[in-house]
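Structural description and commentary
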Amino acid sequence: MSTADKMIAQCRKPSGFFGRLVLWNMNRHHSKLTDWGLSHVTIKKTDTILDVGCGGGRTISKLAAMASEGKVHGIDYSEDSVTAAHRNNTRWIDIGRVSIREGSVSEIPFDNGMFDVVTAIETHLFWPDLPNDFREIFRVLRPGGSVLVVSEIYRGGKHLEGVRKTIFEKHLAANMNLLTPEEHRQLLSHAGFSRVEIFEQLEKGWICATGKKLKLN
């Protein structure tokens, strides 16, 4: 297995020493991407939020600071990711503002209609069943709630040239979910979301998709 293949495998499910390095790098490398993505969704100070595929936990910390009177939950199916996220959010956990546990997006371990916002930063690339997994997110959102999906690579972006084109081709070979902007829109719409919007940062090659679960009449 090449170094690139090992890296993709560790991004999918970090484990061991190399996985811990990947998690540290994710926290550092994805910070600006996360800030850009979060600028496209409204976070209220009392919101209850779920971060799907929380990795090393940097996004959870950002969300806890934004929802200053709310609570943030994180799930990841990697045991090492959960451990790292716990370690990086000890102060929030100690005061009851953050909770992190193992869990899969395909069977989110929470009740219907529990969250005001669900975020997924650089994780839907690895989800096993996108239609089902977006329906799971729809299920756990409260009426009026929002979903935010962010990625630094996608199909059809103008950024796919040079080194990034090589990275993209490696991702394709690994059967990752590299979607066009329209495919993002369709998946969210088919899962039940309304007011779906797609945002692209063409210079950096980033994409962000948002949607709402409409309130019941």
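For the structure, check the block above.
The paragraphs below set out a description of the structure included in this document. (Residues numbered from 1 in each chain as written. Predicted model: local features only at pLDDT ≥ 70, side-chain atom pairs only at ≥ 80, totals over all residues. Heavy atoms only, no water.)

Attention now goes to the pairing of strand β6 (residues 194-201). In this structure, β6 lies alongside strand β7 (residues 206-212), joined through 6 bridges in antiparallel fashion. Bridge pairing in β7 places I198 opposite A209. Here β6 folds back onto β7, and the loop between the two strands holds 4 residues, one of which, G205, carries a positive phi near 80 degrees. (Pairing = 2+ DSSP bridges. Helix = DSSP H or I, 4+ residues; strand = E, 2+ residues; numbered from the N terminus.)

All told, the structure shown has 4 aromatic pairs when counted by the stated rule. The ring of F110 carries R101 above its face, with NZ or CZ at 5.2 Å from the centroid. Here the guanidinium or amino end of K213 rests over the ring plane of F138, the centre of that ring lying 4.7 Å away. (Phe/Tyr/Trp six-rings, centres within 6.5 Å; stacked < 30°, edge-to-face > 60°. Lys NZ or Arg CZ within 6 Å of the ring centre and 35° of its normal.)

Strand order in this open sheet of 7 strands is β3-β2-β1-β4-β5-β7-β6, and the pairing throughout is mixed. A strand with exactly one partner marks an edge of an open sheet, and here the two such strands are β3 (98-102) and β6. Each adjacent strand pair in this sheet contributes to an overall mean axis angle of 15 degrees, direction not counted. Of the strand pairs in this sheet, strand β5 (residues 141-151) and β7 are connected by 6 bridges, and their pairing is antiparallel. (Axes fitted to C-alpha atoms, helices over the stretch in contact; angles between N-to-C directions.)

Bringing the side chain of T59 into the picture now. Within the secondary structure, T59 is located in helix α4 (residues 58-66). When neighbours within four sequence positions are excluded, T59 is seen to be in contact with T34, D51, T119 and I121. (Contact = heavy atoms within 4.5 Å.)

What follows covers the packing of helix α3 (residues 31-38) against α4. Running from N to C, α3 and α4 point in directions that differ by 40 degrees, and their axes come no closer than 10 Å. One way to sum up the angle between α3 and α4 is to call them oblique. The interaxial crossing formed by α3 with α4 has right-handed handedness. Contact residues: α3 offers S31, T34, D35 and L38, while α4 offers R58, T59, K62, L63 and M66. Counted by class, the contact of α3 with α4 contains 3 nonpolar, 3 polar and 3 charged residues. (Parallel < 35°, antiparallel > 145°, perpendicular 65-115°, else oblique. Left-handed = near helix turned anticlockwise from the far one by under 90°. Nonpolar A, V, L, I, M, F, W, Y, C, P; charged D, E, K, R; others polar.)

Moving on to α4. Among the residues of α4, T59, I60, K62, L63 and A64 are the ones counted as buried. For α4, the secondary structure elements touched by its buried residues are α3, β1 (48-52), β2 (71-76), α6 (90-94), β3 and β4 (115-121). (Buried < 20%, exposed > 50% of the residue type's maximum accessible area, 1.4 Å probe, protein only.)

So, on to the pattern of salt bridges. Here the structure, examined in full by the defined rule, presents 5 salt bridges. Residues R142 and D116 are paired through a salt bridge, measuring 3.0 Å at the closest nitrogen-oxygen approach. Linking R142 in strand β5 with D116 in strand β4, this pair joins segments that are 26 residues apart in sequence. Under the relative-accessibility criterion, R142 is labelled partly exposed at 31%. (Salt bridge = Lys/Arg side-chain N within 4 Å of Asp/Glu carboxyl O.)

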